[in-house]
Amino acid sequence: MKVKAGVAQVGAVPFDVEASLAKAEAWIAKAGAAGCAVVVFPEAFLCGYPKGSDFDISIGVRTARGREEFRRYFDAAITVPGPQTERLGQAAAQAGTYVVIGVMERDLGTMYCTALFFGPDGTLLGKHRKLMPTAAERLAWGFGDGSTLPVLETPIGKIGAVICWENYMPMLRMAMYAKGISLYCAPTADDRETWLPTMRHIALEGRCFVLTSCQVVRRADFPQDYRCAVTDDPQALLMHGGSAIIDPLGRVLAGPVFDEETLLTAELDMDELARAKFDFDVAGHYARPDVFTLAVNEAPQKAVRITA
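Bear in mind the structure is a predicted one, so any value in this text is a computation, not a measurement.

Caption draft 1: Examining the environment of alanine 287 more closely. With respect to the helices, strands and loops of the structure, alanine 287 is situated in the segment after α6 (272-277). For the pair alanine 287 and methionine 174, spaced 113 residues apart in sequence, the C-alpha separation works out to 9.8 Å. Sequence-distant contacts of alanine 287, defined by excluding residues within four places in its chain, comprise Asp281, Val282 and Phe292.

This is the structure in structure tokens:
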């Protein structure tokens, strides 16, 4: 079976839900027009990755200015499900494609960095909340749990998502491999040259196709009053892209592309999955379960809720 896959290397309109949603709809339509059966968007596409922000936090200190910066970011997060997910589902249905997209999700008073999965009929199939926000991301984001680690069985393959530096968590990767993931989606904010070797390693390790997507965004895309530790030059790029599509033997099929918005596409020969596992199956004949075991707690960790 051959599957055409797409990676949308596009930048959000930070803190502007309507503009970012309209941009997502346009690029989903573009992927559908290109014949993509699946398209992957970057981490935190709705509604922006706050590159260079510190929310005015130091140990033991918060400020009114930082609280207001958080409020603006929180107000741009979406509920799941909600009106924005309905529109994303409609866009997926119109394009006839699976969509994997990074969003900032809010639940009660907490934000989560989340990847959403939509089917070609528009159904919201599931979500994955990032387990470990990295470094200063913890200033603004909550921690996901094991209840949102789906690998979805679809006619084009088993689809799952691991977000940004979660990809450096060996046990999380192994959990995905053990579920038989074949279309490994990696929305990210890491645009460094070291990211591609990581993605190639995962493709080789998991014997799966890897689709990774990162934003391209300039300082000028943020509001003028946005405090950014990186630069105040409006034309400076804060995120450079570097998106790519990689096959189960680590061969780069598309990308990486830097410093421009683009739709990367590649035809995936799904028979390569079996060919690659001939000599290495990380969760099968190479796993040595007599020596190693992996326990995954997939129970949801509930917030405190009052019921009548």
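Caption draft 2: Expanded view of helix α2 (residues 64-75). The terminal C-alpha atoms of α2 lie 16 Å apart, and with 12 residues this matches the ideal 16 Å at 1.5 Å per residue to within 8%. Buried within α2 we find Gly66, Glu69, Tyr73 and Phe74. The arc enclosing the buried residues of α2, seen along the axis, measures out at 135°, which places them on a common side. Across α2 from its buried face, at more than 90 degrees, point the exposed residues Ala64 and Arg67.

Caption draft 3: Highlighting the pairing of strand β12 (residues 252-258). Alignment of strand β11 (residues 237-246) against β12, held across 4 bridges, turns out to be antiparallel. Within β12, the residue paired with glycine 241 across the bridge is phenylalanine 258. Joining the antiparallel neighbours β11 and β12 is a turn of 5 residues, in which glycine 250 adopts a positive phi near 80°.

Caption draft 4: Representation of the sheet that holds strand β1 (residues 2-9) within the structure. Strand order in the open sheet formed by 6 strands is β5-β4-β3-β2-β1-β13, and the pairing between neighbours is mixed. Across the chains shown, the open sheet's two edge strands, defined by having one partner strand only, are β5 (124-129) and β13 (262-269). On average, each strand axis in the sheet is tilted by 30° relative to the strand beside it, whichever way the strands run. By the bridge criterion, 3 bridges tie β1 to strand β2 (residues 38-40) in an arrangement that is parallel. Note that in β2 the partner of alanine 5 across the bridge is valine 38. Docked against the sheet, helix α1 (residues 17-33) engages β1, β2, β3 (98-107) and β13, running at close to 40° with respect to β13. Contacts from helix α3 (residues 83-95) reach β3 and β4 (110-118) within the one sheet, and its direction differs from that of β4 by about 20°.

Caption draft 5: Focus on the pairing of β3. The buried fraction of β3 amounts to 8 of the 10 residues, a majority that puts the element mostly inside the structure. Alignment of β2 against β3, held across 3 bridges, turns out to be parallel. Residue pairing in the sheet places valine 39 in a bridge with valine 99 of β3. Two strands pair when backbone bridges link them, and β3 and β4 are joined in this way by 9 bridges, in the antiparallel orientation. Its bridge partner lying in β4, aspartate 107 is registered against threonine 110.

Rules of the game
- Residues numbered from 1 in each chain as written.
- Predicted model: local features only at pLDDT ≥ 70, side-chain atom pairs only at ≥ 80, totals over all residues.
- Heavy atoms only, no water.
- Helix = DSSP H or I, 4+ residues; strand = E, 2+ residues; numbered from the N terminus.
- Contact = heavy atoms within 4.5 Å.
- Expected span 1.5 Å × (residues − 1).
- Buried < 20%, exposed > 50% of the residue type's maximum accessible area, 1.4 Å probe, protein only.
- Arc of directions from axis to C-beta.
- Pairing = 2+ DSSP bridges.
- Axes fitted to C-alpha atoms, helices over the stretch in contact; angles between N-to-C directions.

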